[in-house]
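What follows is each chain in one-letter form.
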Amino acid sequence: MNDAKAGHSVADAGRVPTSTQTAAEYLSFRLGAEEYGIDILRVQEIRSYEEPTRIANAPSFIKGVVNLRGVIVPVVDLRIKLGCEKFEYNGFTVVIVLNVRGRVVGAVVDSVSDVLELAGDLIKPAPEMSLAVDTSFITGIASVGERMLILMDIEALMSSADMGLIDASQNLQ
């Protein structure tokens, strides 16, 4: 194990950080060619994809609802929501069951990679983009070896007004 005073490189991203660094754990997943990360504390479970029951007049990114042990859970396809080019369901497609502001919501992704512990110094701010690009849910970019990980505030994304999943009055909390 590394000496507590030794610095950590990018290769050390999965190891325990020194006491002077703050670290957080992220679940990494793929949407098309991109890899994203969300706070592991928001993840309730990971399930294989099953076709949800459609809801009439729902936006295209809301695939429908599933019954999860007696709880009716809305399922959002993040690939459609974030504008990925293709939406192919296969054996790797999973639903990440999230707890967002006390609500249970499912998020369809291409695949789940792993859980990474990232020290604060590995995370860089998200680049500023034009007003046409909504980056409000991106909290930063992390480089892990050769991988670029887009860190996402899944709570902000799932509680945005266009999603309609979380009551707007809950945003004031």
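Everything here concerns the structure above.
Residues numbered from 1 in each chain as written. Predicted model: local features only at pLDDT ≥ 70, side-chain atom pairs only at ≥ 80, totals over all residues. Heavy atoms only, no water.

Caption draft 1: Representation of the pairing of strand β10 (residues 138–144). Pairing of strand β9 (residues 123–124) with β10, which is carried by two bridges, proceeds in the antiparallel orientation. Along β10, the bridge assignment pairs isoleucine 123 with alanine 142. Taken together, the six bridges between β10 and strand β11 (residues 147–152) define a ladder with antiparallel strand orientation. Looking at the pairing, isoleucine 138 lines up with methionine 152 of β11. The turn linking β10 back onto β11 is made up of two residues, and glycine 145 within it adopts a positive phi angle of 65 degrees. (Pairing = 2+ DSSP bridges. Helix = DSSP H or I, 4+ residues; strand = E, 2+ residues; numbered from the N terminus.)

Caption draft 2: Quick peek at the nonpolar core. Judged by nonpolar contacts, the single largest core of 27 residues is most densely connected at Phe29, Ile38, Leu78, Leu98 and Met158. Only β1 (23–31), β2 (34–39), β6 (94–100), β7 (103–109), β11 and α2 (154–158) provide two or more residues apiece to this core. Counting residues per element, this core draws most heavily on β6, which supplies four residues. Core analysis: the next-biggest nonpolar cluster, separate from the first, contains nine residues, Tyr49, Val66, Leu68 and Val95 among them. (Core = buried A, V, L, I, M, F, W, Y, C linked by side-chain atoms within 4.5 Å. Buried < 20%, exposed > 50% of the residue type's maximum accessible area, 1.4 Å probe, protein only.)

Caption draft 3: Geometry of the sheet that holds β9. With respect to topology, six strands assemble into an open sheet ordered β8-β1-β2-β11-β10-β9, the strand pairing being mixed. Each of the sheet's edge strands pairs with one partner strand only, and the pair in question is β8 (111–119) and β9. With six bridges joining them, β1 and β2 adopt antiparallel strand pairing. If you follow arginine 30 over to β2, its bridge partner there is glutamate 35.

Caption draft 4: Representation of the pattern of salt bridges. Scanning all chains against the criterion turns up ten salt bridges. The closest approach of N and O atoms between glutamate 45 and arginine 47, which form a salt bridge, is 3.6 Å. For glutamate 45, a relative accessible area of 19% translates into the label buried. Judged by relative accessible area, which is 26%, arginine 47 ranks as partly exposed. Note that arginine 101 and glutamate 155 form a salt bridge whose closest N and O atoms lie 3.9 Å from each other. (Salt bridge = Lys/Arg side-chain N within 4 Å of Asp/Glu carboxyl O.)

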